[in-house]
Amino acid sequence: MNTQFYIASISKQFTATAILILTENGKLKLEQKVKDLITDFPYEEITILKKKKH
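Residues numbered from 1 in each chain as written. Predicted model: local features only at pLDDT ≥ 70, side-chain atom pairs only at ≥ 80, totals over all residues. Heavy atoms only, no water.

Undergrad: Could you clarify how one ought to interpret the nonpolar core in this entry?
TA: The nonpolar side chains of soluble globular proteins are, as a tendency, buried together. Ile19, Leu28, Leu30, Val34, Phe41 and Ile48 form the largest nonpolar core, which has six residues in total. If we skip the residues at most four places from it in the chain, Leu30 touches Ile19, Thr23, Thr47, Ile48 and Leu49. (Core = buried A, V, L, I, M, F, W, Y, C linked by side-chain atoms within 4.5 Å. Buried < 20%, exposed > 50% of the residue type's maximum accessible area, 1.4 Å probe, protein only. Contact = heavy atoms within 4.5 Å.)

Below you can see the structure in the form of structure tokens.
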């Protein structure tokens, strides 16, 4: 069976929850640059918090 799911913006809620859980557990900082985590990320100054607000 070939099924396609359209998740649209609902995935943002799961991503935000995961980010907050990782932050609470001390594994991630909201001020941390995305480039530190994803080395080929093209923007140097974007932080987790800025990305989350987008």
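Undergrad: What am I meant to see in the side chain of Thr47 here?
TA: Looking at where Thr47 falls in the secondary structure, it is placed in the loop between helix H2 (34-37) and helix H3 (48-53). Here Thr47 is in contact with Leu30, Glu31, Gln32, Lys33 and Val34, once residues within four sequence places are set aside. (Helix = DSSP H or I, 4+ residues; strand = E, 2+ residues; numbered from the N terminus.)

Undergrad: Looking at this structure, I do not really get helix H1 (residues 10-24). What am I missing?
TA: In an α-helix, one turn spans 3.6 residues, which is why side chains three or four residues apart end up on the same side. Between its first and last C-alpha atoms H1 spans 22 Å; for 15 residues at 1.5 Å apiece the expected length is 21 Å, and the two agree. One or two steps after H1, the chain reaches Gly26, where phi turns positive at roughly 75 degrees. (Expected span 1.5 Å × (residues − 1).)

Undergrad: Is there a simple way to explain the packing of aromatic side chains in this structure?
TA: Two measures describe an aromatic ring pair: the distance that separates the ring centres and the angle between the ring planes. By the definition in use, this model includes one aromatic pair. Ring geometry for Phe41 against Tyr43: centres 5.8 Å apart, planes inclined by 75 degrees, an arrangement best described as edge-to-face. (Phe/Tyr/Trp six-rings, centres within 6.5 Å; stacked < 30°, edge-to-face > 60°.)

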